[in-house]
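Residue-level structure breakdown
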Amino acid sequence: MADTAKLVIDQNTYEFPLVKGTENEIGIDIKTLRGVSGGVITLDPGFKNTGSCESAITFLNGEEGILRYRGYSIEELAEKADFLEVAFLLIFGELPTKEQLEKFDADIKEKAIVDEDVKKIIDAFPKNAHPMGVLSSLTSALIAFNPSSVNVDSEQEMYRAIVKILAKFPVLVAWTLRKKQGLPLNYGSKSLGYVENVLRMMFATPDEDYKINPIIKDALDKLLILHADHEQNCSTSTVRIVGSSHAGLFASLSAGISALWGPLHGGANQAVLEMLEAIRQDGGDTKKYMAKAKDKNDPFRLMGFGHRVYKNFDPRAKIIKVAADQVLNDLGIEDPILTIAKGLEQEALNDEYFVKRKLYPNVDFYSGIIYRAMGIPVEMFTVMFALGRLPGWIAQWREMRLNKEPIGRPRQIYIGKNYRPFVEINKR
Ligand code: ACO
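The rules behind the values
- Residues numbered from 1 in each chain as written.
- Predicted model: local features only at pLDDT ≥ 70, side-chain atom pairs only at ≥ 80, totals over all residues.
- Heavy atoms only, no water.
- Salt bridge = Lys/Arg side-chain N within 4 Å of Asp/Glu carboxyl O.
- Helix = DSSP H or I, 4+ residues; strand = E, 2+ residues; numbered from the N terminus.
- Buried < 20%, exposed > 50% of the residue type's maximum accessible area, 1.4 Å probe, protein only.
- Contact = heavy atoms within 4.5 Å.
- Core = buried A, V, L, I, M, F, W, Y, C linked by side-chain atoms within 4.5 Å.
- Near = heavy atom within 4 Å.
- Polar contact = N/O pair within 3.5 Å; in protein donor to acceptor, adjacent residues only side chain to side chain.
- Areas by Shrake-Rupley, 256 points an atom, 1.4 Å probe, with all protein chains shown as cover.
- 1 Å grid on protein atoms, 1.4 Å probe; cavity = no way out; pocket = protein on both sides within 12 Å on 5 of 7 lines; lining within 4 Å.
- Points joined across faces, edges and corners; volume = space filled by probe spheres on them.
- Nonpolar A, V, L, I, M, F, W, Y, C, P; charged D, E, K, R; others polar.
- Pairing = 2+ DSSP bridges.

1. Quick notes on the pattern of salt bridges
Per the stated rule, a full pass over the model turns up 25 salt bridges. D298 is the salt-bridge partner of K292, the closest N and O atoms lying 3.1 Å from each other. Its salt-bridge partner being D325, residue K342 comes within 3.0 Å of it at the nearest N-O pair. Of this pair, K342 sits in helix α15 (residues 336–349) while D325 is found in helix α14 (residues 315–330), placing the two residues 17 residues apart along the sequence. Judged by relative accessible area, which is 28%, D325 ranks as partly exposed.

In structure tokens:
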């Protein structure tokens, strides 16, 4: 293949280098386009064809349904690793040795106390506030309690900031839930692992010893791993672009949480459960909702179906579907919602509209069902997604800063009015 691409505008030919990734993805490097062409830019709303960076963290191939973190397949990681190992891998590039993992775990536990004054902020929120709004605000608030900015040229300072947020974030996640439920805001224990502590902080009650259910712990570990990174999606791009202004790590993460909240992104898992519940209450007629999803005059979309990049299947959905069956079986839960979900899936997989548009169930189609079986309220689903995505956001922020990427600042094609003279108010 040639190593340049040519662009002809008005008989002028411009040549741009091709950039080749390690998985043979090809990009046209148009960094010089505007300069050499006298102001021409590319236009790509939604960035469907635009690479914003070169990254060595996550590889995904939407056509073949491949997802790998730092070269390791999501299937193997979900089966063999735990969430903290995956976090280390994503952020620092290699699977940790036993010693590295023990140190990472111990360093995180050392920072796992949140300033008690944060509780006053939580108290000020109404009980019915959406947990994602609360989590985003609390993450922002952490900046006030940890004001020093990170010197990114110091690996040590970078490590300290990373450990701090990995330690405190699950506490905020748990407190967000506990506040809603009117339960005491508690802490984990140094004797427990990262994911076990998440469960303990969320579910322990003051009147009995909390026993970790290994089935639930394993399922949560898996869910968090599956959500841990997904290259340049909406929230990750937000984290990178906010961080590119040299805003701090916590500020960038808080912006990422807000981006994740939307129902077309992380909010989809909540939307899926609400949709399934609505179908159940309406008599469970999946065909009726299939028809609504296909009707172009109806804004209804089948939540949990379709993906910007996976156009054959979402490999995470495959893993999670099996996990959902296992968890429900092991816990002895019979959930009518799961029957509706399976019905919708079967119909969609055999429906011309969905097949033609390559709309398959995505990871969130099943994650909500597992969260529900674990006893996590629907409004907390996206918060759980944020907890899983935290290492990915951190890894991407770190990579962006270490690569010394320039501030993110897209251009536009202006389509507004041309110059017109100001009209005095009495003449309008
Ligand atoms: N139900 C019905 N039709 C759909 C759906 C759906 N869930 N998703 C896409 N379509 C249709 C569109 O109407 C469009 O049809 P047309 O070509 O006749 O106009 C076609 O499929 C392409 O859809 P786009 O919106 O252009 O696809 P895009 O790649 O931009 O969007 C998205 C992907 C946002 C995920 C979309 O499929 C969607 O809204 N899905 C439901 C929400 C969801 O599950 N989001 C979670 C994503 S995964 C995550 O964030 C972890």
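Still to come is the rest of the account.
2. A closer look at the environment of A112
Here A112 is to be found in the loop between α4 (98–110) and α5 (118–124). Between the C-alpha atoms of A112 and L166, which are 54 residues apart in sequence, the distance is 8.4 Å. Contact partners of A112, with chain neighbours within four places excluded, come to A167, V171 and Y187.

3. Comments concerning the nonpolar core
With 114 residues, the main nonpolar core has Y69 and L276 as its most contacted residues. By residue number, the principal contributor to this core is helix α7 (residues 155–181), which donates 15 residues. Discounting chain neighbours no more than four positions away, the residues touching L276 are I337, I340, A341, L344 and I369.

4. Topic: the site of the ligand
By nearness alone, 21 residues border the ligand, and R301, L302, G304, F305 and Y353 come closest of all. At a separation of 2.8 Å, an oxygen atom of the ligand approaches a polar backbone atom of G304. In this structure, N362 approaches the ligand through a side-chain N or O atom, which is 3.0 Å from an oxygen atom. Across the complex, the protein chains shield 78% of the 930 Å² of accessible surface that the ligand would expose by itself.

5. A word on the layout of surface pockets
Each pocket or cavity is described by its volume, and for the second largest pocket that value is around 310 Å³. Every residue lining the second largest pocket is counted, 15 residues in all, and those nearest its centre are N146, S148, S149, V150 and A161. Ranked by residues supplied to the lining of the second largest pocket, first place goes to α7 with 4 residues. Of the residues that constitute the lining of the second largest pocket, the class distribution is 7 nonpolar, 4 polar and 4 charged.

6. A closer look at the sheet that holds strand β5 (residues 66–69)
If you walk across this open sheet you meet the 3 strands as β4-β5-β6, and the pairing is antiparallel. In this open sheet, the two edge strands, each paired with only one partner strand, are β4 (58–61) and β6 (72–73). Relative to β5, β4 is paired through 4 bridges, and the arrangement is antiparallel. Bridged to L60 within β5 is L67.

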